[in-house]
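# Examining the three-dimensional arrangement
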2 protein chains.
Amino acid sequence: MRVLDHPRPEDIRLEAVLHALADPMRLEVVRFLAQAGGEVACSEIDLAVSKSTGTHHYRVLREAGIINQVYRGTAKLNSLRREDLDALFPGLLDSVIAAAARLGTRASSARHSG
Amino acid sequence: MRVLDHPRPEDIRLEAVLHALADPMRLEVVRFLAQAGGEVACSEIDLAVSKSTGTHHYRVLREAGIINQVYRGTAKLNSLRREDLDALFPGLLDSVIAAAARLGTRASSARHSG
DNA sequence: ATCGTACTACGATAAACGACGTACTACGGT
DNA sequence: ACCGTAGTACGTCGTTTATCGTAGTACGAT
């Protein structure tokens, strides 16, 4: 029940990874996790969508093999699967995160005024 | 009719690029172009889809800013926008192409019987 | 002018996607 | 036992996507 299914490294598909990353919300999550560097609860990342939509995006990321999710108490902790991804697609995650970080959120959706 | 519209570098969006790359057919085109290294006619890349579907995929790639398309005679020549992409998203294209090349087309399941 | 090749434009369709709300489960604290 | 917090499952809705076929345009060769 409280155990989440993750794809094994050999089942992670490039297209699924690219597809998962091709969404502003999910890119934001990945960017946040990369910056945080460790485990982050869903509730700590303030996405501009409803909770059920948030759950959907986390699921897509997990099923693509991009993030690891584990329950602790009532929280669900997320972290990047950096090692797996780096081994499978060297440089991919880094370049995407770097690009996303450089662009910030402005190209995606949310915009800070001022 | 003979001039095709391409996004300027500053209009190329990371998400659009990732989205365009997240398709087996288009990934195959990119892989082919990377390997060829220069201009390649649409007809030289044998995609397992109808011609009209092929046109659609080339268009997506062009509109995302991934490929350059130019007419010559009855042919339409395609080439990667490597410099633009490398400047915008350093390492991204290389890592995707390397990953796609390593996997080949089989793992990407660019085919189903029929 | 006619023909063949290469590619396009249009319209249709089925599937996938992103978004939501509501009702629900799981856990910790009181 | 009860409540609040954190997140899920399900059903729905509108949009986008991938696919096709058919009809058409552009160009080079004859």
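Rules used in this analysis
- Residues numbered from 1 in each chain as written.
- Chains lettered and ligands numbered in written order.
- Predicted model: local features only at pLDDT ≥ 70, side-chain atom pairs only at ≥ 80, totals over all residues.
- Heavy atoms only, no water.
- Buried < 20%, exposed > 50% of the residue type's maximum accessible area, 1.4 Å probe, protein only.
- Helix = DSSP H or I, 4+ residues; strand = E, 2+ residues; numbered from the N terminus.
- Pairing = 2+ DSSP bridges.
- Least-squares fit on C-alpha atoms with pLDDT ≥ 70 in both.
- Contact = heavy atoms within 4.5 Å.
- Buried area = accessible area lost by both parts, 1.4 Å probe.
- Salt bridge = Lys/Arg side-chain N within 4 Å of Asp/Glu carboxyl O.
- Polar contact = N/O pair within 3.5 Å; in protein donor to acceptor, adjacent residues only side chain to side chain.

## Things to note about the pairing of strand β3 (residues 75–80) of chain B
All names here are of chain B. The buried fraction of β3 amounts to five of the six residues, a majority that puts the element mostly inside the structure. One ladder, built from two bridges, connects strand β1 (residues 40–41) with β3; its direction is antiparallel. Residue pairing in the sheet places V40 in a bridge with N78 of β3. In this structure, strand β2 (residues 67–72) lies alongside β3, joined through six bridges in antiparallel fashion. By the bridge assignment, Y71 is partnered in β3 with K76. Two successive antiparallel strands, β2 and β3, enclose a turn made up of two residues, where G73 displays a positive phi of approximately 65 degrees.

## A few points about the relation of the copies chain A and chain B
Take chain A, turn it by 179 degrees, move it 0.0 Å along the axis, and it overlays chain B with an RMSD of 0.1 Å. Seen this way, the second copy is the image of the first under a two-fold rotation axis. The overlap is high: 100% of the interface residues of chain A also sit at the interface in chain B, so the same surface is used on both sides.

## Points about the interface of chain A and chain B
Contacts between the two partners involve 23 residues from chain A and, on the opposite side, 23 residues from chain B. Summing the contributions of chain A and of chain B, the shared interface buries around 1700 Å²; its carbon and sulfur component is 68%. When the buried surface of chain A facing chain B is broken down by residue, L14, E15 and L18 of chain A rank first, second and third, together holding 32% of it. Remark: the boundary between chain A and chain B carries zero salt bridges. Across the chain A-chain B interface, the total number found is two residue pairs in polar contact (both at pLDDT 80 or more). Put simply, the parts of the chain that give the side of chain A that touches chain B at least two residues each are α1 (14–21), α2 (24–36), α4 (82–88) and α5 (92–103) of chain A. Ranked by residue count, the leading element in the side of chain A that touches chain B is α5 of chain A, at seven residues.

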